[in-house]
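Read off the chains here:
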Amino acid sequence: MLIFSKKYFFWTLVLFIVELSIALYIRDAFVRPYVGDYLVTIFIYCFVRTFFKIKIWKVCLAVLLFSYMVEVLQYFHIVNVLGLQNNIIMKTAIGYGFEWWDLLAYTLGIVTVLILEPQSNNFFRKSN
């Protein structure tokens, strides 16, 4: 169902600004590669929830699978295959190097969403 959630829109904007700031200003070995990947799954989750009313676990699964897919495409050097190796924006958005640690960062981002979303607790409760 299509909706517009001000709450998720707000968090999408906040996370977009944080991600953009990380991409533009941070050049370290931890925040940029791992915190950025951790936050990107939360960002995508909030973006989807801004416009769609879908069960939390379905969005989380879709975002996690999408993130894994992008990482696998990085393994196959998708940026080069698409001829975008000179486009800094696309290189930053898509990424250009496969890392097993990135998969962990994506997973931890989604675990954080599941912990923070109050309705997601129903998914883990035993049915009566």
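The residue count restarts for each chain, going from 1 along the sequence in the order it is written. Local features in a predicted model are, by the rule used here, given only for residues with pLDDT of at least 70; side-chain atom pairs are given and counted only at 80 or more, and totals for whole chains, interfaces and linings are based on all residues. Working from all heavy atoms in the structure, the side-chain values ignore hydrogens and water.

What follows deals with the confidence of the model for the protein. Known as pLDDT, the predictor's confidence for each residue is given on a scale from 0 to 100. Per-residue confidence for the protein gives a mean pLDDT of 91; residues scoring 70 or more make up 93%. Helical segments are the DSSP runs of H or I of at least four residues, strand segments are the runs of E of at least two, and each set is numbered from the N terminus. The secondary-structure element of the protein with the lowest mean pLDDT is helix H7 (residues 121-124), recorded at 58, while helix H6 (residues 100-116) shows the highest, at 97.

On to helix H2 (residues 31-51). To estimate the expected span of a helix, subtract one from its residue number and multiply by 1.5 Å. The terminal C-alpha atoms of H2, which comprises 21 residues, lie 29 Å apart, in line with the 30 Å expected from a rise of 1.5 Å per residue. Where H2 bends most, at Asp37, the angle is about 25°. Should any heavy atoms of two residues lie within 4.5 Å, those residues are counted as being in contact. Considering only its buried residues, H2 is in contact with helix H1 (6-25), helix H3 (56-75) and H6. Bend at a residue means the angle formed by two fitted axes: the first through the 7 residues ending at that position, the second through the 7 residues beginning there.

The next subject is the packing of aromatic side chains. The pairing test for Phe, Tyr and Trp rings, Trp by its six-membered ring, is centres within 6.5 Å, and the orientation test on the planes gives stacked under 30 degrees, edge-to-face over 60, and tilted for anything in between. Under the counting rule described, the total for this entry stands at ten aromatic pairs. Their ring planes at 50° and their centres at 5.3 Å tell us that Phe4 and Phe9 sit as a pair that is tilted. Residue classification places Phe4 among the partly exposed residues on the basis of a relative accessible area of 47%. With a centroid separation of 6.1 Å and an interplanar angle of 80°, the aromatic rings of Tyr8 and Tyr45 are classed as edge-to-face. Note that Tyr8 is positioned in helix H1 and Tyr45 in helix H2, a separation of 37 residues in sequence. Considered together, Tyr8 and Tyr45 belong to a single accessibility category, that of buried residues. Ring pairs connect the aromatic residues Phe4, Phe9, Phe47 and Phe51, which therefore count as one cluster. For every residue, the accessible area (1.4 Å probe, protein chains only) is compared with the maximum for its type, and the residue is labelled buried under 20%, exposed over 50%, or partly exposed between those bounds.

Our focus in this paragraph is the side chain of Glu117. For Glu117, the position within the fold is in the loop between H6 and H7. For the purpose of charge, His is not counted, nor are the chain termini; Lys and Arg are scored as positive and Asp and Glu as negative. Definition used for salt bridges: Asp or Glu carboxyl oxygen within 4 Å of a side-chain nitrogen of Lys or Arg. One buried charged side chain, Glu117, makes no salt bridge at all; its nearest oppositely charged neighbour is Arg49, positioned 4.5 Å away. Any pair of nitrogen or oxygen atoms within 3.5 Å is treated as a polar contact; in protein, a donor-acceptor pairing is required on top of that, and neighbouring residues in sequence qualify only through side-chain atoms on both sides. Within the structure, Glu117 has its side chain in polar contact with the side chain of Tyr8 (distance 2.4 Å). Within the structure, Glu117 has its side chain in polar contact with the side chain of Tyr45 (distance 2.6 Å). Residue contacts for Glu117: discarding those within four places in its chain leaves Lys7, Tyr8, Tyr45, Arg49 and Ile56.

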